[in-house]
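# Residue-level structural notes
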Amino acid sequence: MQTQLFCAKTQKENGTSLGGRIIRNGGLVAFPTETVYGLGANGLDGEAVNKIFEAKGRPNDNPLILHIAKKSDVKQLWKHIPDEARRLMDAFWPGPLTIIYLKSDIVPDEVTAGLDTVAVRMPDNKTALALIRAAGVPIAAPSANLSGKPSPTTAEHVLEDMDGRIDMVLDGGPCRVGVESTVISLVGKPRILRPGGITKEMLEQVIGTVEVSAAVLNPLPEGAKAESPGMKHKHYSPDCDVLVALGEPKTAANIIIREYGIAENDGKSCIIFATEQTKGYYRGKKYVIIGDRDQPETLCANLFDALREESHGVDIIFAEGIPTDHEGLAYMNRLLRAAGFTVLDK
């Protein structure tokens, strides 16, 4: 299969129109969103959806998200629209929020991994919305990368993993948010299954108390079924080890410096993911500044790109943990999964 690349900025109409036809005909199109690049198929065609799992090497027990172009499209996908969902849609759609609720009969089991719920979102990206409108169907889409690898935030990242596996990539430039959407379940008490750019604090301003699944910062228990994308044990992983140092900034830096030295003495190549506040601790070491601890959204925006770009020729990435309030929860969720929950706290 030859993968076509279209630049959405210069070939917007042709690219999205062609992409829509490919989707309608059962093919696969990677497209930009505000979060990461998605790998899309006709979300109402189970056979087309199965091609996503094949292209990614993704286990089919991992549910997908349906992407829509207008709020009213949820009427055909859910059994009904609960009041909390209406308030969240009004507050955050289009935007990086995915809502899970009871699915209608029109949604194929291939999308939901056999669950009786379906995840839906309306992306805040003109190219993504144009593609969905051109397709004329909800688009089922996980991130457009090989399963388990860091999610792609540029078209180049998509091609690294998916060239020859899919029909088309729409290049819309770098993604703004940089981590996947927040996923909230409204079956029972509102509960975050995957944190993202729409934070717990923001959600609670709209619908009141929101719980956070224990699996957000901990491994999914053995044998447990994933209720949402991004809940698998090891995810977002580069081709090297990732170790996370926990504690206050100076404590975490001291742990990293110690372990960096041990690894170097063992002949291993290392790099440190530092922040603006801690870069001074790492003089004489190989490090890269990936953001500002006081603005965790900057860390989210840069994490996946750094995991991909800085892992070349490296044996170990050392990274600092940060507090888990606001966007820090999304950052730590991705970082801990990239590390397979391997942490250094002494």
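Residues numbered from 1 in each chain as written. Predicted model: local features only at pLDDT ≥ 70, side-chain atom pairs only at ≥ 80, totals over all residues. Heavy atoms only, no water.

### Quick look at the packing of helix H6 (residues 155-162) against helix H9 (residues 296-309)
Packing of H6 against H9 brings their axes to within 12 Å, and their N-to-C directions diverge by 45 degrees. Overall, the two elements H6 and H9 adopt an arrangement that is oblique. Relative to H9, H6 is oriented so that their crossing is left-handed. Residues His157, Glu160 and Asp161 of H6 touch H9, and the partners they reach there are Asp305, Arg308 and Glu309. Its residues assigned to classes, the contact of H6 with H9 shows no nonpolar, one polar and five charged. (Axes fitted to C-alpha atoms, helices over the stretch in contact; angles between N-to-C directions. Helix = DSSP H or I, 4+ residues; strand = E, 2+ residues; numbered from the N terminus. Parallel < 35°, antiparallel > 145°, perpendicular 65-115°, else oblique. Left-handed = near helix turned anticlockwise from the far one by under 90°. Contact = heavy atoms within 4.5 Å. Nonpolar A, V, L, I, M, F, W, Y, C, P; charged D, E, K, R; others polar.)

### Description of the environment of glycine 148
Positionally, glycine 148 belongs in the loop between strand S7 (139-140) and H6. Put simply, glycine 148 and histidine 80 are 68 residues apart on the chain and 34 Å apart in space, counted from C-alpha to C-alpha. If we ignore the near neighbours within four places in the chain, the residues touching glycine 148 are His235, Tyr236 and Ser237.

### Some details on helix H10 (residues 328-338)
An α-helical segment advances 3.6 residues per turn. Residues three or four places apart therefore align on the same side. With eleven of eleven residues buried, H10 is to be regarded as a mostly interior element. Those residues of H10 hidden inside the fold are in contact with strand S10 (191-194), strand S11 (211-212), strand S12 (241-245), H9, strand S15 (316-320) and strand S16 (343-344). Count one or two residues on from H10 and you reach glycine 340, which has phi positive near 60 degrees. (Buried < 20%, exposed > 50% of the residue type's maximum accessible area, 1.4 Å probe, protein only.)

### Some thoughts on the nonpolar core
Side chains of nonpolar character tend, in soluble globular proteins, to be buried together. In terms of nonpolar packing, the biggest core is built from 62 residues, with Trp78 and Ile99 touching the most fellow members. If we ignore the near neighbours within four places in the chain, the residues touching isoleucine 99 are Trp78, Ala85, Leu88, Met89, Trp93, Val118, Ala119, Val120, Ile184 and Leu186. Counting 29 residues, the second-largest nonpolar core is a separate cluster that includes Ile290, Leu303, Phe304 and Ala339. (Core = buried A, V, L, I, M, F, W, Y, C linked by side-chain atoms within 4.5 Å.)

### Concerning the pairing of strand S6 (residues 117-121)
Of all five residues in S6, five are buried, a share of seventy percent or more. Where strand S4 (residues 65-67) lies against S6, three bridges are found, and the strand directions are parallel. Within S6, the residue paired with isoleucine 65 across the bridge is alanine 119. (Pairing = 2+ DSSP bridges.)

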